[in-house]
Amino acid sequence: MATISRAVDLEFTRRLPKIELHAHLTGSISRDCLHDIWEQKKALEPDLELEDPLIAIPPGKVDYDIETFFPLFSSYIYRLCSDLASIEYSTKAVLDDFQSDGVVYLELRTTPRAVPKQNISKADYVRTILAILSEHNGKEANQMRAYLILSVDRRNTAAEADEVVDIAIKYQSAGVVGVDLCGNPERGDIRIFTEAFSRAKSTGLKVTLHFAEAPASSTDEELQALLSWQPDRLGHVIHVKDEFKDVIEKQNIGVELCLSCNVHAKLITGSYSDHHFGQWRHSSVPVALCTDDVGVFCSPLSHEYYLAATHFGLGREELQNLCERAIDSIFSGSEEKKRFKQVYSKWDGRNM
Ligand code: IMP
Ligand code: ZN
């Protein structure tokens with residue numbers, strides 16, 4: 001008798017061992033966690049001028065677009081998470097959130113940030129986060145393994161990008177697996193970063209780039225330049241002509257696709273069923289569904305898989321295959337790839 005595949009529900013997508021490859025640390029901090037940090041600060045410093053995060057970033061509000069999204073960090077969250085204690089506390093909370101959502105492998109990315117008032121250098125910031133990741137990975141009870149990618153912001157100078165790459169190289173053996181290009185897609189001239197990314201690549205770091213996220217960052221010149229850096233993965237890949245799609249397929253570059261972020265931020269026209277995941281899933285490249293900024297868009301990875309199932313008609317087996325498909329594009333090497341192939345070959349949660 002043929003077995004009937006059970007429908008996909010949120011319980012299933014939570015149980016599914018998932019790989020998260022595109023998550024910005026500060027954008028992944030939940031509102032509750034930001035509120036906890038604010039409360040602790042307010043107790044120590046009653047004159048604190050920052051508004052309660054539950055007012056500044058109202059619960060349930062997810063319609064942040066390019067105009068309102070980036071200032072959220074520069075004018076609010078970075079001002080709140082501005083000391084080692086809050087950076088440590090929020091990093092731990094982010095790891096716990098991903099793990100309790102059934103993520104078994106996480107590549108978290110962050111832009112090294114100095115806080116001169118607190119005497120914190122960019123290297124201190126990165127060391128602090130790596131120590132939390134290492135503590136997490138060292139606990140046997142933790143199912144999830146976490147690694148770090150360091151981001152260059154499009155508004156950085158060439159010298160600042162060089163510093164990010166220097167730090168990434170220095171901490172490669174401590175858990176930094178790659179570098180990223182992120183930031184407001186309507187700002188900056190990415191050509192100034194060519195040398196920094198080429199140096200990263202030559203030292204064995206992997207490269208992922210926010211690619212064709214908005215019309216302004218999707219000119220032929222920009223996309224050609226970015227592809228010439230030989231990226232290992234690309235994030236978003238929204239405004240991409242066939243000519244560039246062919247290159248991505250020929251070079252088997254992994255794509256990191258973020259459904260909710262793209263819909264809520266109106267980076268795509270239409271809604272979930274219009275998302276370009278519908279095209280890339282039929283390509284030959286590794287495809288990873290990712291959250292981007294779960295703290296802002298409030299859709300955990302399990303929910304992103306659920307949305308993919310609902311809007312593209314995927315069943316349980318197809319979702320598991322999709323998770324497995326991302327393995328080939330992880331940055332941390334063959335040991336982890338082997339471990340995950342085993343995780344999936346032994347996994348028996350499909351029919352529960
Ligand atoms: P952080 O790097 O850990 O501080 O995470 C927040 C930062 O990630 C923001 O300030 C942005 O520069 C970047 N970021 C988050 N989401 C996006 C995105 O969708 N596109 C480009 N940059 C992003
Ligand atoms: Zn991103």
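All values reported here derive from a predicted model rather than from experimental measurement.

**Q** Explain the sheet that holds strand β1 (residues 18–24) to me, please; I cannot follow it from the model alone.
**A** Paired through their backbone hydrogen bonds, the strands of a sheet run either parallel or antiparallel. Read from one edge to the other, the open sheet built from eight strands follows the order β1-β2-β3-β4-β5-β6-β7-β8, with strand pairing classed as parallel. Single-partner strands in this sheet number two, and they are β1 and β8 (287–289). Recorded for the sheet is a direction-independent mean angle of 25 degrees between the axes of neighbouring strands. Helix-sheet contacts for helix α9 (residues 220–228) involve β4 (176–182), β5 (206–211) and β6 (233–236), and the interaxial angle to β5 is about 170 degrees.

**Q** Honestly, the layout of surface pockets in this entry has me stumped. Any pointers?
**A** Size it by volume and the largest pocket reaches roughly 970 Å³. At the level of elements, α4 (66–80), β2 (103–110) and α6 (122–138) are the ones that each hand at least two residues to the lining of the largest pocket. In terms of residue count, α4 provides more of the lining of the largest pocket than any other element does, eight residues in total. When its residues are assigned to classes, the lining of the largest pocket shows 19 nonpolar, twelve polar and 15 charged. Its volume calculated, the second largest pocket comes out at about 240 Å³. Lining the second largest pocket are 15 residues, and of these Ser30, Asp97, Val294, Gly295 and Pro300 sit closest to its centre. For the lining of the second largest pocket, the secondary-structure elements that each account for two or more residues are α5 (84–100) and α13 (294–297). When residues in the lining of the second largest pocket are grouped by element, the largest group, three residues, is from α5. Classifying every residue of the lining of the second largest pocket by side-chain character gives seven nonpolar, five polar and three charged.

**Q** Even after reading the chapter, I still don't get the confidence of the model for the protein chain, so can you show me in this structure?
**A** Where the model shows low pLDDT, its predicted coordinates should not be examined in detail. Of the residues in the protein chain, 99% reach a pLDDT of 70 or more, and the chain-wide mean stands at 96. Element-level pLDDT for the protein chain is lowest in helix α16 (residues 334–346), with a mean of 90, against a maximum mean of 99 in β5.

Rules used in this analysis
- Residues numbered from 1 in each chain as written.
- Chains lettered and ligands numbered in written order.
- Predicted model: local features only at pLDDT ≥ 70, side-chain atom pairs only at ≥ 80, totals over all residues.
- Heavy atoms only, no water.
- Pairing = 2+ DSSP bridges.
- Helix = DSSP H or I, 4+ residues; strand = E, 2+ residues; numbered from the N terminus.
- Axes fitted to C-alpha atoms, helices over the stretch in contact; angles between N-to-C directions.
- Contact = heavy atoms within 4.5 Å.
- 1 Å grid on protein atoms, 1.4 Å probe; cavity = no way out; pocket = protein on both sides within 12 Å on 5 of 7 lines; lining within 4 Å.
- Points joined across faces, edges and corners; volume = space filled by probe spheres on them.
- Nonpolar A, V, L, I, M, F, W, Y, C, P; charged D, E, K, R; others polar.
- pLDDT = per-residue confidence, 0-100.

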